[in-house]
Amino acid sequence: MILVTGGAGFIGANFVLDWLAQSDEPVINLDKLTYAGNLQNLASLEGDSRHIFIHGDINDQQKIATLLKQYHPRAIIHLAAESHVDRSIHEPEAFIQTNIVGTFRLLDIAYYYWKEQEGEAQQAFRFVHVSTDEVYGSLCKDAPAFTETHPYQPNSPYSASKASSDQLVRAYHHTYGLPTLITNCSNNYGAFQFPEKLIPLMIVNALSGKPLPVYGDGQQIRDWLYVKDHCSAIRRVLQAGIPGETYNIGGWNEKPNIEIVHIICDLLNELHPADYHKLIKYVTDRPGHDRRYAIDARKIERDLGWRPVETFETGIRKTVKWYLDHQDWVANVHSGEYRKWIESHYQEHAG
Ligand SMILES: NC(=O)c1ccc[n+]([C@@H]2O[C@H](COP(=O)([O-])OP(=O)(O)OC[C@H]3O[C@@H](n4cnc5c(N)ncnc54)[C@H](O)[C@@H]3O)[C@@H](O)[C@H]2O)c1
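The structure contained in this document is the topic of the report that follows. Because the structure is a prediction, the values reported are computed rather than measured. All residue numbers refer to positions counted from 1 along the written sequence of the respective chain. Predicted model: local features are reported for residues with pLDDT of at least 70 only, side-chain atom pairs are reported and counted for 80 or more only, and whole-chain, interface and lining totals are derived from all residues. The basis for every side-chain value is the complete set of heavy atoms in the structure, and neither hydrogens nor water enter the calculation.

## Digging into the pattern of salt bridges
Inference 1: Put simply, a salt bridge is a Lys or Arg side-chain nitrogen that is within 4 Å of an Asp or Glu carboxyl oxygen. Applying the stated rule across the entire model yields 16 salt bridges.
Inference 2: Between Arg74 and Glu25 there is a salt bridge, with its nearest N and O atoms 2.7 Å apart. Within this pair, whereas Arg74 is found in the loop between helix H2 (61-71) and strand E4 (75-78), its partner Glu25 is found in the loop between helix H1 (10-22) and strand E2 (27-31), the two being separated by 49 residues in sequence.
Inference 3: For every residue, the accessible area obtained with a 1.4 Å probe (protein chains only) is divided by the maximum for its type, and the residue is called buried under 20%, exposed over 50%, and partly exposed between those limits. Residue Arg74 is classed as partly exposed on the basis of its relative accessible area of 37%.
Inference 4: Arg298 is the partner of Asp296 in a salt bridge, and the nearest nitrogen-oxygen pair spans 2.6 Å.
Inference 5: Classification of Arg298 as exposed rests on a relative accessible area of 52%.
Inference 6: Among the charged side chains, a salt-bridge network with shared partners connects Asp24, Asp48 and Arg50. In this text, helices come from DSSP runs of H or I with a minimum length of four residues, and strands from runs of E with a minimum of two, each type numbered from the N-terminal end.

## Quick word on the site of the ligand
Inference 1: If a single non-hydrogen atom of a residue is within 4 Å of a molecule or strand, that residue counts as near it. Taken together, 28 residues sit near the ligand, with Ile11, Asp31, Ser83, Tyr158 and Lys162 positioned nearest.
Inference 2: Polar contact is the term for a pair of N or O atoms within 3.5 Å; when the atoms are in protein, one must be able to donate a hydrogen and the other to accept it, and sequence-neighboring residues count only if both atoms are side-chain atoms. A distance of 3.1 Å separates an oxygen atom of the ligand from a polar atom in the backbone of Phe10.
Inference 3: Contact between the ligand and Val130: an oxygen atom at 3.5 Å from a main-chain N or O atom of the residue.
Inference 4: Counting residues per element, the ones that place at least two in the shell around the ligand are H1, strand E5 (126-132), helix H6 (157-176) and strand E7 (187-189).
Inference 5: When residues in the shell around the ligand are grouped by element, the largest group, 3 residues, is from E5.
Inference 6: Amino acids outside the nonpolar list (Ala, Val, Leu, Ile, Met, Phe, Trp, Tyr, Cys, Pro) and the charged list (Asp, Glu, Lys, Arg) are all regarded as polar, and Gly is one of them. Within the shell around the ligand, the residues separate by chemical class into 12 nonpolar, 12 polar and 4 charged.

## Topic: helix H12 (residues 327-335)
Inference 1: For H12, every residue scored as buried is listed here: Trp329, Val330 and Val333. One side of H12 carries all its buried residues, which in axial view fall inside an arc of 100 degrees.
Inference 2: Phi for Gly336, located one or two positions after H12, is positive at around 85 degrees. Throughout, the arc means that of the directions going from the helix axis to the C-beta atoms.

## Re the packing of aromatic side chains
Inference 1: Each pair of aromatic rings taken from Phe, Tyr and Trp, with Trp reduced to its six-membered ring, is defined by centres within 6.5 Å and is described as stacked if the planes are under 30 degrees apart, edge-to-face if over 60, and tilted in the remaining cases. Under the criterion given, the structure shown has 20 aromatic pairs.
Inference 2: Here Tyr111 and Trp114 contribute two aromatic rings whose centre-to-centre distance is 6.2 Å and whose plane-to-plane angle is 35 degrees, an arrangement assigned as tilted. Note that Tyr111 and Trp114 are positioned in helix H4 (residues 93-116) at a spacing of 3 residues, about one turn of the helix.
Inference 3: Geometrically, the ring pair formed by Trp322 and Tyr323 is edge-to-face, given 4.9 Å between the ring centres and 80 degrees between the ring planes. The pair Trp322 / Tyr323 is uniform in exposure class, with both members buried.
Inference 4: One Lys or Arg, Arg87, reaches over the ring of Tyr35 and ends 3.5 Å from the middle of that ring.
Inference 5: Ring-over charges, as used throughout, are those where CZ of Arg or NZ of Lys falls within 6 Å of the ring centre and within 35 degrees of the ring normal. When the ring centre of Tyr247 is taken as origin, the NZ or CZ atom of Lys299, which lies over that ring, is 4.8 Å away.

## Some remarks on the layout of surface pockets
Inference 1: Its boundaries defined by the atoms lining it, the second largest pocket holds a volume of some 250 Å³.
Inference 2: A pocket, in this scheme, is an open set of points on a 1 Å grid over the protein atoms alone with protein on both sides within 12 Å along at least 5 of 7 lines, while a cavity is a set where a 1.4 Å probe fits but cannot get out; residues line either one if an atom lies within 4 Å of a point. Lining the second largest pocket are 15 residues, with Tyr152, Arg170, Ile182, Gly244 and Thr246 positioned closest to its centre.
Inference 3: Contributions of two or more residues to the lining of the second largest pocket are made by H6 and strand E6 (180-185).
Inference 4: Per-element accounting of the lining of the second largest pocket gives the leading share, 6 residues, to H6. Grid points are joined across faces, edges and corners, and a volume is the space filled by probe spheres set on the points.

## Describing the pairing of E6
Inference 1: Counting buried positions over the 6 residues of E6 gives 6, a clear majority of the element.
Inference 2: Burial along E6 is two-sided: the face carrying Thr180, Ile182 and Asn184 and the face carrying Leu181, Thr183 and Cys185 are both buried.
Inference 3: Only when DSSP finds a minimum of two bridges between them are two strands counted as paired. Taken together, the 6 bridges between E5 and E6 define a ladder with parallel strand orientation. Paired with Thr132 across the strands is Cys185, a residue of E6.
Inference 4: Viewed with both strands pointing away, a crossover whose connecting path from the first strand over the helix to the second turns clockwise is right-handed. Considered for its hand, the β-α-β crossover made up of E5, H6 and E6 is right-handed.
Inference 5: Direction of pairing for E6 relative to strand E10 (residues 246-249): parallel, over a ladder of 4 bridges. Note that in E10 the partner of Cys185 across the bridge is Ile249.

If you want it as C-alpha cells, here you go:
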C-alpha cells in the first residue's frame, strides 16, 4: 500500500480517487483536516476498505511511526501543506510549521523506516514530495520557462516554505540516500478546489452575483494544469522516476489571470446564462505579487513519457460544469458544514 499525506485536500483527494479508480492497492490517507481538508471530497469511498483515513498531523512523529509499522507502505506521497499564498502573507507561522517543520519530521521518520527495510523492500521504497513552480520566483515576460535547474528565488512566505521543504527533501537524498523524488507543478484547477483560489472563487462568486475580484491589472501570467493530469504525473514519477531527481510538471498553457476570468464568464454564460463580465472588479494588488510563472515540462516528457491529456479548453469546461453540478458542496464549504462530516461518517478512524 501507499501512504498519502494531505489526501483530503484538493489535489490529494483527486489523487486518492484516481488511484483507487485504477488500482486495488490500498491507500492510507493521513490528513490533519485543516480548513482546506474536506472528507466529503472522499464520500464516494465510504465503506471502501482500500481507503484508510487517519486524522493526524505530519508533525506527529509518534503517530506516523506507528502507522508505518502497522501498514508497511511501499511509498509516501507527500501533499500535506498550507497552500494559499494570501493566507501565508497574513499568517505565515502555520506555513513554517507544516511545510518546513512538518516535512522535516515526516522525512526523518521516513528515513528511519526506510533504513530498517531490507533488500527488495528497501530498494523499492519511494518518498515523493509534491511541490510548486512558485519556488523558482517570478519571470519577465519573454524569459524562458523554468527548467529543473532554475535557481530557487521564492518571493512569498508560501513559496519560501515550499522551497525550504524541497531543499530538505534534496538533503535527505544526498546525505542519507533516502530515495526521494521532487515534483514542481504549476497552478492546478478542477473539482474539489477550495473556493479561495482563483478559478473556483470566480465560478462561485459569479454564480451568486458577487464581484469577481481581480488583483492589480490582472496581467499576472500563470501556467494552468487540470488536476487529474497532475495526479497522473505524480503516479508516473512514483512508478518510473529516478530517486534524487526533480521533475517539473506543467500544462503548456500560460494565461494572464484576467483572461482566465473572461473564459470562466463566457463558459458560465453559455451553461447558465447571465451577464457575468459586469461583475469583474479590479482590486488592490497582492503585496509582492509574482508577475509570471512558466514551466518547461520537457524533462518529464522525455524521461518518463508523460504529457497532459486535457487542454485548457476541455479542462476548464469540465471544471465549470463540476461546480455548477455541485453547488451543495460549495454551500457546505461556505457554511462550514463539511467539518461535521468527520463526526458523522468517519468516527471509527478519526484519531
Ligand atoms: N493547488 C495547486 O495549484 C498546487 C500546485 C503545485 C503544487 N501544489 C502542492 O500540492 C500540495 C497539495 O495542494 P492542494 O492545493 O491540494 O492544497 P490544499 O490546501 O487543498 O490541501 C492541503 C491538505 O493538507 C492537509 N494538511 C495541512 N496541514 C497538515 C498537517 N500539518 N498534517 C497533515 N495534513 C495537513 C489539509 O487538511 C488539506 O487536506 C501542496 O503541497 C501544494 O504546495 C499545489
